[in-house]
Every structure is written in C-alpha cells, then in structure tokens.
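Residue-level structural notes
Chain residues, written in single-letter form:
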Amino acid sequence: MDLNYTDEQKAFRDEVRSFLAEKLPSRLSDKVKRGQTLTKADHEKWHAILNEKGWLAGNWPKKFGGAGWNAVERHIFEDEMTKASAPRILPFGLAMLGPVLQQFGSKEQQEHYLPRILNGDDWWCQGYSEPGAGSDLASVRTTAERNDDHYIVNGQKTWTTLGQHANMIFCLVRTSKEGKPQEGISFLLIDMDSPGIKVRPIILIDGEPEVNEVFFDDVKVPVENLVGEENKGWTYAKYLLTHERTNIAGVGFANAGLENLKRIARAEQASGRPLIENPHFAARIARLEIDLMAMSTTNLRVVSKAAAGQAPGAESSMLKIKGTIIRQEINALTRSAVGPYAMPFASEALEDGSNQQPVGPDYAASATAQYLNNRKLSIYGGSNEVQRTIISKAILEL
Amino acid sequence: MNFELTEERQMLQDGLRRFLRDTYTPALRAELTEAESGFSADVWNGLAEMGVIGALFSEDDGGFAGAGFDIALVFEELGRVGAVDPLLDTAILGGGLIAALGNDDQKQMIADTIAGTTQLAFAHSEPSSRYDMSRVETNATRDGDSHVLNGRKSVVVNAPAADHILVSARSSGDAAAKSGISLFLVPADAPAMSLRSYPLVSGGRAAEVLLEDVKLGADALIGPEGAAYDEITRIHARATLAISAEALGLMESIRELTTDYLKTRKQFGKPIGKFQALQHRMADVLIEIEQARSAVINLAGHVDEPTDIRDKHVSATKNLIGNVAKLVAEESIQMHGGIGMTDEYELGHLAKRLIMVDHRFGDAIHHLERFIALAVA
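Numbering of residues begins from 1 in every chain and follows the order in which that chain's sequence is written. Lettering of chains starts at A and numbering of ligands starts at 1, both following the order in which they are written. Predicted model: local features are reported for residues with pLDDT of at least 70 only, side-chain atom pairs are reported and counted for 80 or more only, and whole-chain, interface and lining totals are derived from all residues. Side-chain measures were taken over the full set of non-hydrogen atoms in the model, leaving aside hydrogen atoms and water.

1. Observations concerning the overall build of chain B
- Starting at the N terminus, helices and strands are each numbered in turn, a helix being any DSSP run of H or I of at least four residues and a strand any DSSP run of E of at least two. Along the backbone of chain B there are 11 helices and 10 strands.
- With C-alpha atoms as the basis for the radius of gyration, the globule rule is written as 2.2 Å multiplied by the number of residues raised to the power 0.38. The C-alpha atoms of chain B give 21 Å as radius of gyration, which agrees with the globular expectation for 377 residues (21 Å, within 12%).
- Principal axes of the C-alpha set define a box for chain B whose edges measure 80 × 50 × 40 Å.
- A simple rule labels every residue: compare its accessible area, found with a 1.4 Å probe on the protein chains alone, to the largest value its type can have, and call it buried under 20%, exposed over 50%, or partly exposed in between. Per-residue burial for chain B yields a buried fraction of 59% across its 377 residues.
- In what follows, residue pairs with any heavy atoms lying within 4.5 Å of each other are defined as contacts. For chain B, restricting intrachain contacts to residue pairs at least 6 apart in sequence, the fraction spanning at least 24 positions comes to 73%.
- Of the roughly 15000 Å² of accessible surface on chain B, a fraction of 50% belongs to carbon and sulfur atoms.
- In summary, the charge assignment counts Lys and Arg as positive and Asp and Glu as negative, without counting His or the chain termini. Lysine's charge is taken at NZ, arginine's at CZ, aspartate's at CG and glutamate's at CD. The distance from the centre of the 35 positive side-chain charges to the centre of the 55 negative ones in chain B is 8 Å. Here the accessible surface of atoms and residues is derived via Shrake-Rupley with a 1.4 Å probe, and residues count as covered only by protein chains that are part of the display.

Here's what the structure looks like:
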C-alpha cells in the first residue's frame with residue numbers, strides 16, 4: 001500500500017502542469033472560474049491546443065491518434081486540468097463515440113471519423129434519450145427502416161447536450177420490434193444537415209439553452225452509417241455507458257468547487273467576522289471535505305484497478321452517486337455562502353462578451369445558476385436511482 | 001385547541017384561491033417575464049379589490065385583520081401559484097413599518113397601499129450586512145432640520161416599482177449597534193438616489209440602491225430618530241412568517257405536481273410511482289411538508305407575543321422551512337428527471353422560488369445559530 005504517485009507518475013504530473021501553465025489561455029480559465037458560458041469557438045480552440053500536443057484523446061490508443069494513457073495517467077491529467085480551471089474536454093466525440101467506433105466500427109468508419117473528431121472537423125452530439133425513454137433507455141421508439149442503400153429515420157430525441165453546435169449525431173434507433181426491446185436497437189451515425197432534421201432548444205432552469213430536442217422526419221441515412229451489426233446497438237450503447245470512465249466521480253470538479261467555496265466563505269462577512277469562522281457554516285464545509293477526501297481515495301482505488309486491466313463495473317455507479325452528491329452539496333453550500341446575492345438572476349452577466357458588471361461580488365453571479373444547473377448531475381448518464389439499482393443487482397446480488 | 005379557520009378566514013382563503021388559480025395562467029406567466037415592474041398591475045388591482053391587502057392590516061390601521069393567521073393564510077395561497085406580486089414588500093414590510101412607526105400624516109399612505117395605488121419597498125440590507133438586522137452602515141446626518149443619507153442598499157426587492165422606498169440609516173453608534181438606526185421615507189424620484197434594477201431568480205425585480213447625499217425634510221423621518229430597530233425586528237418577524245407561509249404553499253403545489261408525475265410517467269412498463277424507492281422518498285417529502293405546516297402555524301400563533309418568545313419561533317420556523325424547502329425542491333426535480341430541469345415546465349419556477357426563500361430574512365444556518373443563542377445555550 002502506497003498512497004503516493006511513483007516517480008514516473010510525478011514526472012508526468014509536472015509535465016501536464018507546466019503544459020497547462022504555458023498553453024492554457026487565461027481568457028478561457030477566467031471564464032471557467034467565473035462560471036461563464038463557453039462558446040463553441042472557446043471549446044474548439046481548447047480542443048485544438050490539446051490536439052496539437054497529442055493530448056486531446058487521452059483514453060484512445062496511440063494507433064488511433066490518442067495518447068494511450070492508462071487510468072492513472074488519465075486521472076492525473078484530468079486532475080491537473082480542473083486545478084488549472086481548464087475547459088472540460090467535451091465527451092461526445094472523444095469519450096463516447098470514439099471508443100465505440102474503435103471497438104465496433106468498420107475500418108472505413110474509423111479512418112473517416114476518428115481523425116475528424118481529433119481535428120475538430122465534426123462536432124458530435126448524443127441521440128439516446130427520448131421523451132418516453134429516459135432511465136428506461138431500451139424503450140427507444142425512434143425508428144430506422146431499411147430501404148435499399150439507406151435507412152429512413154423517424155422520431156424524436158431529447159436532452160441533446162450542445163446539439164445546437166453539432167453537425168453529427170450518434171443515435172440509438174429501433175430497427176426491429178421483435179423479441180426483447182434491447183434486441184431491436186441499432187447504432188446509427190446521422191448528419192445533422194440532413195433534410196428532415198429539426199433542432200429545438202430547451203431552456204433549463206438556470207436560463208441557459210444547454211440541451212435540445214432533435215426531431216427526425218423521414219431522414220435519409222446511408223447504410224454505411226450503421227455501426228457494427230443491425231439490432232446490436234444495445235451492446236454498443238452499454239459499452240459506451242459502462243466504458244471505464246475515470247472521471248465519473250468528478251473529483252477534480254469537487255476539489256475546485258470546494259476551493260471556490262472556501263474562497264467565498266473567507267470573503268463573506270457574517271455578523272462582523274468571515275463566514276468561514278462561523279462554526280455552523282464551517283462544520284458544513286468540513287463534512288463535505290471529509291467526505292471528499294475519502295471519495296478521492298475510493299476513486300483512486302477504482303482507477304488503479306482499471307490501470308491494472310480490471311474494468312470497473314458497478315464501481316462506476318458507486319462513484320457516480322457519491323461524486324454527484326458531494327458536488328451538488330458543494331453547489332448548495334456555495335449558494336448559501338453568497339447570501340442575499342444569490343437572488344439576482346445573472347444570466348446576462350455570465351454571457352460571453354458581456355460587459356455588464358455582476359450585481360454584488362463577482363463570485364456571486366454564477367452560484368445560483370451552477371447550483372440549479374448541476375441538479376442534472378444526478379439525473380443524466382443514468383440517474384442515481386438507476387445506479388443504485390445497478391449496485392443492488394450487480395454487487396449486492398439482491 | 002382548534003386548528004380550523006374562522007368563517008371569515010375560510011371565505012378569504014376560498015376567494016383568494018379561486019382568484020389566483022384563474023389568474024395565474026401560462027399567458028400571465030409569459031407576460032410577467034417581460035413586465036418592467038416584475039408583476040402584473042391587473043393582478044395587483046384584483047388583489048386590492050378582493051381586500052387581500054387590507055387583510056394584512058389591523059382595523060386600527062385601516063385594514064380588517066392583520067393577525068399572524070391572516071398573514072399565513074394569504075401567503076400560503078400566493079405560494080401555491082408561485083405568485084410574484086410584491087405583497088410582502090409593499091404591505092408587510094413597507095406598510096407594516098409605516099403603521100408601526102409613522103405619524104398620522106405618514107399613515108395616510110396606508111390607505112393608498114390598501115387601495116392598491118401605492119407600491120413600497122424596504123431598503124435595509126447592505127452589501128456586507130448579510131442577514132444581520134442591526135448592521136446598518138448607511139448613514140444619516142443632520143443638516144439643520146433636514147437629514148442627509150449616504151450609503152448603499154442591496155437586493156431591495158420591489159424597489160424598481162416602488163413609489164416610496166423606506167430606507168434604514170444610522171444616526172449614531174457603531175456599524176452593528178442596535179441603537180442609532182433611523183427610518184426614512186424616500187420618494188422614488190428623490191434626486192441623488194439611484195437604482196440599478198435587475199430580475200430575480202424567483203421572479204419579480206429588485207435593485208441596488210445608491211444614496212449619495214440624499215437630502216430629506218424633517219417629515220421624511222419615520223418614528224423616533226435612532227430608535228427604529230425594535231420595530232424593524234418585529235416587522236421582520238411578520239415578514240418571516242409571510243415568506244415561510246409562502247414556502248409552504250409552494251411546497252404543497254410542488255408535491256401535487258410531483259405526485260401526479262409519479263402516477264403518470266411510465267418507465268420500465270409501469271408508472272414510476274410504483275417503484276418503492278420513489279414511494280418512500282415521496283412519503284418523506286410529505287412528512288417534512290407537514291412539519292413545515294406546523295412550523296408556520298407555530299410562528300403565526302406567536303408572532304405577536306413578547307420579543308423573546310416571538311424570536312425563538314421566528315428562528316425555529318425559518319430554520320426548518322429552509323431545510324425542508326431544499327429537500328422538497330431537490331427531491332421534486334430529481335423525481336421528475338430531465339423535465340424537472342426545464343424552464344418551460346411549471347415546476348421550474350415553483351422550485352426556484354422555493355429555493356430562494358432561504359436567501360431572505362436569514363437562511364437555515366443563520367437561524368440555527370440564532371435559535372441556539374435564544375433558546376438552547
């Protein structure tokens with residue numbers, strides 16, 4: 001048992017750290033720190049900087065242009081990224097679709113799509129959830145009917161994150177109504193510019209158009225856009241969902257959030273002294289920090305098992321639940337910390353290029369918006385209820 | 001012991017519930033996001049005509065009720081529809097302070113308030129006061145017979161629509177001293193007073209109020225110079241009751257929405273309300289809302305008691321409401337899933353308004369500490 005990084009891992013950490021110090025534009029890290037909305041161009045810029053270094057796809061094998069890092073190296077990289085307030089790497093092409101194509105895609109698909117993901121030629125979004133298929137994903141009803149050399153797709157997807165920026169969408173579609181619902185699903189790649197596709201933004205409770213509905217009305221999709229075999233899409237979708245996700249606990253985000261919370265609690269005055277000296281408030285922070293310290297190690301235990309080649313199964317569910325609870329509580333306490341200045345609706349001040357000064361201290365503007373927005377953490381990617389069911393079945397065998 | 005409403009209160013509740021249910025339509029909600037004042041003048045006039053504003057004042061002050069249970073009743077109904085009308089600011093705070101401290105001339109304004117023709121706001125909190133009621137750094141100096149105010153007031157709800165703003169300012173003493181706080185009635189168009197107006201997460205609007213050598217006549221002083229603190233605390237207790245009752249109404253509507261959703265939303269071939277994991281959590285939500293109802297009743301019954309008894313109940317109720325509000329809002333969003341995250345669905349506004357309750361008149365932690373000082377330690 002040794003809780004420290006090896007010398008090699010330390011050297012890697014230092015390398016990442018100095019790269020970020022040198023290459024991460026302060027314009028971007030400032031926006032992340034303030035909780036401002038990043039534009040499409042911001043994301044693309046940061047992806048390009050990482051890609052130039054060969055670090056955009058840490059999880060991809062080298063033969064596909066990735067960095068080929070193991071789970072510990074990826075953890076170190078993600079940890080340093082959040083510490084430096086770097087924009088997160090968007091997961092749709094890199095973490096979600098990429099591994100599926102590498103495992104199940106045709107050679108042509110790999111050669112065509114993977115470099116385009118790295119170079120930022122395609123912006124992918126995810127077409128999984130539907131109005132009637134959320135936690136119960138296998139009940140997807142969007143259909144794809146084979147007609148010669150193409151499919152005709154009809155239906156609706158929803159909660160499509162940043163779909164407004166995307167030119168490509170990977171979808172779960174129903175190609176058969178025979179057998180169990182899971183057995184008639186296929187994995188299809190669809191050009192968002194195809195005739196018959198409509199995107200409608202959904203405004204979330206923080207006022208931001210982060211997610212979308214995507215409608216398909218007789219959309220023609222060439223058969224070569226099918227990934228793997230017809231009616232095997234559920235296997236690929238599950239691979240994507242359970243594919244080892246070292247960042248699922250969000251330890252880096254939690255650490256950054258806790259630091260921010262402490263900074264605010266030091267700056268805020270309550271009854272003539274810093275809020276952080278209020279024993280009741282300090283106790284709430286302390287309980288979170290204690291929980292986070294233990295969770296970080298749980299995370300590392302899973303990470304190092306993964307690095308040794310053991311794919312985590314239901315452990316990811318555990319990390320997801322604990323991680324999201326901690327992050328949501330940090331957001332709630334941050335909202336509490338800013339006091340009455342949590343009340344102004346600050347959407348405009350958080351927009352890109354806004355020269356509007358926030359009402360109250362600068363750290364107050366994003367507190368409520370982030371609290372509201374991060375209620376999603378326990379809902380998306382398999383709700384925490386679904387994760388608990390996985391744990392009770394897969395680990396407890398109940 | 002009797003927990004039934006009197007006949008008069010029952011009538012008021014029935015009438016108000018009907019009025020608000022018919023009024024707070026999706027069309028009105030859309031209109032409100034555009035409204036410059038943050039609320040609808042038509043709804044306000046309707047409330048005044050029904051006598052809802054008068055129900056918040058005693059007969060001595062020209063109203064017809066004004067007890068704790070009247071406040072609780074009115075605000076619970078407002079909460080049920082997520083109403084954004086500034087009754088709390090105009091009637092409970094502004095009107096309440098004038099009724100408590102004003103001279104006969106100043107009290108004329110109460111009649112206009114009850115009639116619905118005057119809007120008020122109370123500018124008390126400051127950028128560094130947080131929830132500390134005695135921390136007033138805005139200062140009032142004498143210049144002959146007139147008073148000169150300088151300072152900054154923060155998150156003054158309804159200030160953008162107010163005809164008059166009641167401003168607390170320090171005539172003497174240290175920044176946090178209870179004595180030395182005076183109250184002034186400042187016309188909205190007073191030169192040297194400027195507002196930065198903005199929308200609130202909960203709906204409605206507020207402003208940062210900047211006072212730069214605001215010169216006021218002797219008649220602007222409300223009550224005795226330097227001795228407004230006790231009445232400010234008393235009115236804050238009534239405001240805390242109002243916002244707690246509003247939170248209760250919000251909780252009830254959120255519970256109904258969520259229960260309906262659990263019954264209708266199907267996943268895995270059955271309504272999600274058939275899953276025991278959700279049933280038990282919803283049962284806990286129900287239990288906590290009943291706790292919230294009792295806490296509101298406790299405060300309503302003690303809001304006119306002597307200070308020590310009253311304030312113990314203020315802090316007990318506001319602490320409990322703050323904790324239950326968080327639970328109800330978060331659980332309802334979670335049990336709804338994605339749809340609970342959308343601005344379009346009714347839950348969004350109700351949940352945000354409920355969460356924001358903790359940021360006015362002291363949050364759960366503030367009142368926990370205050371309760372310890374008043375009742376435990």
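Having put the structure on the table, let's press on.
2. A short note on the overall build of chain A
- Of regular secondary structure, chain A possesses 12 helices and 10 strands.
- In terms of principal-axis extent, the alpha carbons of chain A reach across some 75 × 50 × 50 Å.
- Excluding contacts between residues fewer than 6 apart, the proportion of contacts in chain A whose partners are at least 24 apart in sequence is 71%.
- Summed over its atoms, the accessible surface of chain A is roughly 18000 Å², and 50% of this surface lies on carbon and sulfur atoms.
- Looking at chain A, you have 46 positive and 50 negative side-chain charges, and the mean spots of the two groups are 5 Å apart.

3. Concerning the layout of surface pockets
All names here are of chain B.
- Buried and open spaces are told apart on a 1 Å grid over the protein atoms alone, a cavity being a set of points where a 1.4 Å probe fits but cannot get out and a pocket being an open set with protein on both sides within 12 Å along at least five of seven lines. Residues with an atom within 4 Å of a point are the lining residues. Grid points are joined across faces, edges and corners, and a volume is the space filled by probe spheres set on the points. Size it by volume and the second largest pocket reaches roughly 640 Å³.
- What lines the second largest pocket is a set of 23 residues, among which Arg29, Thr33, Gly203, Asp343 and His349 lie closest to the centre.
- Among the secondary structure elements, those contributing two or more residues to the lining of the second largest pocket are helix 2 (26-34) and helix 10 (346-356).
- With 4 residues, the single largest contributor to the lining of the second largest pocket is helix 2.
- In terms of residue class, the lining of the second largest pocket is built from 10 nonpolar, 7 polar and 6 charged. Each residue receives one of three labels: charged for Asp, Glu, Lys and Arg, nonpolar for Ala, Val, Leu, Ile, Met, Phe, Trp, Tyr, Cys and Pro, and polar for the others, Gly being one of them.

4. Describing the domain arrangement of chain A
All names here are of chain A.
- The domains assigned to chain A are domain 1 (7-110 + 112-117), domain 2 (123-232) and domain 3 (250-396).
- Note: buried area is the sum, over both parts, of the accessible area (probe 1.4 Å) each one loses when the two are combined. With both chains or domains summed, domain 1 and domain 2 bury close to 1400 Å², and 70% of this area falls on carbon and sulfur atoms.
- By convention in these notes, a salt bridge is any Lys or Arg side-chain nitrogen within 4 Å of a carboxyl oxygen on Asp or Glu. Applying the counting criterion to the domain 1 and domain 2 interface returns 0 salt bridges.
- By the criterion applied in these results, polar contacts are pairs of N or O atoms within 3.5 Å in which, for protein atoms, one can donate a hydrogen and the other can accept it, and in which residues neighboring in sequence qualify only through two side-chain atoms. On inspection of domain 1 and its partner domain 2, the count reaches 4 residue pairs in polar contact (both at pLDDT 80 or more).
- With 7 residues, the top contributor of residues to the side of domain 1 that touches domain 2 is helix 5 (residues 91-104).
- Looking at the side of domain 1 that touches domain 2 residue by residue, the classes come out as 9 nonpolar, 5 polar and 2 charged. Segment limits for the domains were obtained from an automatic or database-derived domain assignment.

5. What about empty space enclosed by the protein?
Residue and element names in this part refer to chain B.
- One pass over the structure, following the stated rule, counts 8 cavities of 30 Å³ or more.
- Lining the largest cavity are 30 residues, and of these His124, Ser125, His236, Arg360 and Phe361 lie nearest its centre.
- Secondary structure elements with two or more residues in the lining of the largest cavity: strand 3 (146-157), helix 7 (229-264), helix 9 (307-336) and helix 11 (364-376).
- Roughly 280 Å³ of volume is contained in the second largest cavity.
- Taken together, 25 residues form the lining of the second largest cavity, with Asp89, Val157, Ser202, Arg353 and Arg360 sitting closest to its centre.
- Looking at the lining of the second largest cavity, the elements that each hand over two or more residues are helix 4 (68-80), helix 5 (87-101), helix 7 and helix 10.

6. Observations concerning the side chain of serine 202 of chain B
- Along the chain, the position of serine 202 of chain B falls in the loop between strand 6 (193-199) and strand 7 (205-216).
- Once residues lying within four places of it in the same chain are set aside, the contact partners of serine 202 of chain B are Val84, His349, Arg353 and Met356 of chain B.

7. Observations regarding the pairing of strand 4 (residues 164-170) of chain B
All names here are of chain B.
- Extensive coverage of strand 4 is indicated by the burial of 6 of its 7 residues.
- As judged from the 4 bridges shared by strand 1 (residues 120-123) and strand 4, these two strands associate in the parallel manner. Of the residues in strand 4, the one forming a bridge with alanine 123 is valine 167.
- Here the rule is simple: two strands pair whenever DSSP picks up at least two bridges between them. Across 7 bridges, the pairing between strand 4 and strand 5 (residues 181-187) is antiparallel. Residue alanine 169 lies in a different strand from strand 5, and its bridge partner there is serine 182.

8. Here's the deal with the nonpolar core
- Put simply, a nonpolar core is a bunch of buried Ala, Val, Leu, Ile, Met, Phe, Trp, Tyr and Cys residues held in one set by side-chain atoms that sit within 4.5 Å of each other. Within the largest apolar cluster, 136 residues are counted, with the highest numbers of intra-cluster contacts made by Val74, Phe75, Leu87 and Met251 of chain B.
- Broken down by element, the residue count for this core peaks at 17 residues, all from helix 7 of chain B.
- If near-sequence neighbours (up to four positions away) are discounted, phenylalanine 75 of chain B is found in contact with Leu56, Leu87, Leu88, Ile92, Ala242, Ala245 and Glu246 of chain B.
- Counting residues in each nonpolar core, the second largest holds 72 residues, with Leu28, Trp55, Val100 and Phe216 of chain A among its members.

9. Some words on the state of the cysteines
Residue and element names in this part refer to chain A.
- To count as a disulfide, a pair of cysteine sulfur atoms needs to be within 2.5 Å. Counted under the stated rule, the structure contains 0 disulfides over all chains.
- Distance from the sulfur of cysteine 125, which forms no disulfide, to the nearest cysteine sulfur (cysteine 171) is 7.4 Å.
- Judged by its relative accessible area of 0%, cysteine 125 is buried.

10. Details of the side chain of serine 85 of chain A
- Among the secondary structure elements, serine 85 of chain A is positioned in the loop between helix 4 (71-83) and helix 5.
- If sequence neighbours within four positions are ignored, serine 85 of chain A has contacts with Leu24, Leu28, Ser29, Val32 and Lys33 of chain A.

11. Description of the interface of chain A and chain B
- At the junction of the two partners, chain A supplies 54 residues and chain B supplies 45 residues.
- Where chain A abuts chain B, roughly 4100 Å² becomes buried across the two surfaces, and 58% of that area is made up of carbon and sulfur atoms.
- Looking only at chain A, the three residues that lose the most surface to chain B are Ile205, His280 and Met343 of chain A, adding up to 18% of its buried area.
- Between glutamate 268 of chain A and arginine 130 of chain B there is a salt bridge whose closest N-O contact spans 3.1 Å.
- For the pair chain A and chain B, the interface holds 25 residue pairs in polar contact (both at pLDDT 80 or more).
- Among the elements of the structure, strand 6 (197-202), strand 9 (269-270), helix 9 (279-307), helix 10 (315-337), helix 11 (367-373) and helix 12 (384-394) of chain A are those that each provide at least two residues to the side of chain A that touches chain B.
- When residues in the side of chain A that touches chain B are grouped by element, the largest group, 6 residues, is from helix 10 of chain A.
- Looking at the side of chain A that touches chain B residue by residue, the classes come out as 26 nonpolar, 17 polar and 11 charged.

12. Some thoughts on a nonpolar patch on the surface
- Two joining distances apply to patches: 9 Å for like charges and 5 Å for nonpolar side chains (Val, Leu, Ile, Met, Phe, Trp, Tyr), and every residue must have over 30% relative accessible area and no salt bridge. A cluster of nonpolar side chains, Ile395, Leu396 and Leu398 of chain A, forms an exposed patch at the surface whose accessible area comes to about 340 Å².
- Assessed through its relative accessible area of 77%, leucine 398 of chain A is described here as exposed.

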